[in-house]
Amino acid sequence: MPNGALRAELLERQERRESSARTYASTLPVAPVHASGAVITGADGRSYLDCLSGAGTLALGHNHPETVAALQAVLASGAPLHTLDMITPQKDAFTTELLDRLPGGLRGDARLHFCSPAGTDAVEAALKLAQHATGRRGIVAFTGAYHGMTLGASAVSGPPRMSGMTGADSVPVTRVPYPSALRCPFGTDSADRSGELSTRLLESLITDPSSGVGVPAAVILEVVQGEGGVVEGPDGWLREVRRITAEHGIVLIIDEVQTGVGRTGHYWACERAGVTPDVLVTSKAVGGGLPLALIAYRPGLDTWRPGHHTGTFRGNTLAMVSGLITLRTVAEQQLAERATKLGESMRRGLREIAASYPVFGDVRGRGLMIGVELVDPDGTPGRDGAAPGNPELAGAMRAACLERGLILELGGRDDTVMRLLPPLIITDEQADSVVERVASALESVV
Ligand code: PMP
C-alpha cells in the first residue's frame, strides 16, 4: 500500500471508531510509525519536529537509546512487568533516585505514594490526602489552572472545557486569580504586582471570618501553567503563597506534572523560588514516556491507612526503569541548564518575529516550556487592556506549522497560545529550525 494511502486509511478508521472527545488526533492528522529524538515520521513518510513530546512527557525524546536498551534487558530478564504496589528491584532503584532528586525540603525523607498512572490520578491522591490529613474539605485553586480530567482534578481546573460539567460540585473549590502581566483581572500589567494582589486576596479569603471561605485543606497550583497558556507565576508570589499556607496549616500542593524533571530550567520549577511544597505531584517525564504518577509529601501528612487510596496500575516495571534513566540523565547531562539556554535562544528568535508581526502579542515561558500568544492587534482591547486573543489565527498557525513539518499544540484562553514543549535533548540546529518553521508559517497565514 502506498504510504499516503496507509495514513489516509488509518485516519479514516480512527474517525469512524473513536470518540468525538479526541483531541490531538483531530487537529494533528499524523499517523506516527517511527520516532527518534525530536523527530516523528508518519505513515506517509513525512517527518516532523515534535514540539509536543507526548504533551511534555518525553524529556529524553523518542526512543532514547539507553532507555530502549534498558527496557529490552528487563523484557529479556523475565522480571514481572506488573506488580500492583509490591516492591521490585526496579521500583526500589527508581525510588532511591527520585528521593535524591526531590526539592530540598522533601529530599531524602519524603513519603511517596504511587498512584494509578496518569497525572490526574496523582492530583486526586494529593487532594484526598490533604483533606484526610487536615480534616477540612475546601481547596483553593487558581484561575486558568489545569490539573486533569477526573472529577476532583477537573473541579480544581479553570476553563469549562477542562473542568467539565460534573466535576465542579465534587470538591468545594475557591478560585483566586493566577498572576498575569498580560491579562491580570486586577488591571495591572506587572506580573509581580499581579502576584501581590493575588496573594493578598488569598490571605483575606482565608482570614476574614465573613469571606465565606474559611481555612481550606489545600492550595493547589502550577508554578508555570501549561495548558493554561504558558503563564508563569512570579517567584515572590510563590514564596508568599508558601508563607500563607504554612502560617495557616494549609497543605500546599504543587502540581509539577508538566513542569517537573528539568523542563523549566530547574529540576523542579518550584526550586527557582526556593519553595518546597507539602505535596509534590509528578507524572509525565517522571516515567520517561511510560505511564507513571506519584505524589511525594511530608511524612507528617501520612495519615492514611492501608487501602485508603489504591489503584491497579501502580507498579509498572518498565516505567520504573525508563523513569529512573530519565531522572538520572536529566541530572547528569544537565538538561535543565540546557533547557534554560535553548529556551532563551528560541524565545529570542520568536521575539524577533514578534517585532515585525504584532499578531505575536506575547512570547513567554521558562526553559523549554514556550508560549506565543496570538492576538488581533486592531481588535478592541478587553477589560484587562490587552489586545484580544485570536483563536482563528492560532488554529491556522498550528495547521501551517504542521504543513512545514512542525508539531505543536495550542492552549490558554480560547486556545490562542501556541505551545512549544520540545524534548530537552532537541539539538541546537533543530531548535533553530523550529523557529524558522514558525516564521515561515506566519508569513503564509498573515
Ligand atoms: N497537571 C498538569 C499540570 C498537567 O499539565 C496535566 C496534563 N497536561 C495533568 C495534571 C493531567 O495529567 P494526565 O493527562 O496524565 O492525567
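J.: Would you mind going over the layout of surface pockets with me for this structure?
T.: With a probe scaled to a water molecule rolled over the atoms, the places where space remains empty come into view. Volume-wise, the largest pocket comes out at about 1000 Å³. Taken together, the elements giving at least two residues each to the lining of the largest pocket come down to helix H8 (160-163), strand S9 (231-232), helix H12 (335-356) and strand S13 (360-366). Per-element tally for the lining of the largest pocket: the top contributor is H12, with 4 residues. Of the residues contributing to the lining of the largest pocket, the split by class is 15 nonpolar, 11 polar and 15 charged. Both domain 1 (3-63 + 335-445) and domain 2 (67-332) contribute no fewer than three residues apiece to the lining of the largest pocket.

J.: Just checking my understanding: could you explain the site of the ligand for this structure?
T.: Every residue near the ligand is listed here: Ala118, Gly119, Thr120, Tyr146, His147, Gly148, Glu222, Glu227, Asp255, Val257, Gln258 and Lys284. Backbone polar atom of Gly119 to an oxygen atom of the ligand: 2.8 Å apart, as the coordinates give it. Within the contact set of the ligand, a nitrogen atom lies 3.5 Å away from a backbone nitrogen or oxygen of Tyr146. The class makeup of the residues in the shell around the ligand is 3 nonpolar, 5 polar and 4 charged.

J.: Would you mind going over the packing of aromatic side chains with me for this structure?
T.: To describe a pair of aromatic rings, you give the distance between the ring centres and the angle between the ring planes. Scanning the model with the defined rule gives 5 aromatic pairs in all. Ring centres of Phe142 and Tyr178 lie 6.1 Å apart, and the angle between their planes is 85 degrees; this geometry places the pair in the edge-to-face category. Of this pair, Phe142 sits in strand S5 (residues 139-142) while Tyr178 sits in the loop between strand S6 (173-176) and helix H9 (191-207); the two residues are 36 residues apart in sequence, bridging distant segments of the chain. Exposure class is identical for Phe142 and Tyr178. Each is buried. An aromatic cluster is defined as three or more aromatic residues linked by ring pairs; in this entry it consists of Phe142, Tyr178 and Trp237. Taking NZ or CZ as reference, Lys91 lies 4.4 Å from the ring centre of Phe114, over its face.

Conventions adopted
- Residues numbered from 1 in each chain as written.
- Predicted model: local features only at pLDDT ≥ 70, side-chain atom pairs only at ≥ 80, totals over all residues.
- Heavy atoms only, no water.
- 1 Å grid on protein atoms, 1.4 Å probe; cavity = no way out; pocket = protein on both sides within 12 Å on 5 of 7 lines; lining within 4 Å.
- Points joined across faces, edges and corners; volume = space filled by probe spheres on them.
- Helix = DSSP H or I, 4+ residues; strand = E, 2+ residues; numbered from the N terminus.
- Nonpolar A, V, L, I, M, F, W, Y, C, P; charged D, E, K, R; others polar.
- Domains from an automatic or database assignment.
- Near = heavy atom within 4 Å.
- Polar contact = N/O pair within 3.5 Å; in protein donor to acceptor, adjacent residues only side chain to side chain.
- Phe/Tyr/Trp six-rings, centres within 6.5 Å; stacked < 30°, edge-to-face > 60°.
- Buried < 20%, exposed > 50% of the residue type's maximum accessible area, 1.4 Å probe, protein only.
- Lys NZ or Arg CZ within 6 Å of the ring centre and 35° of its normal.

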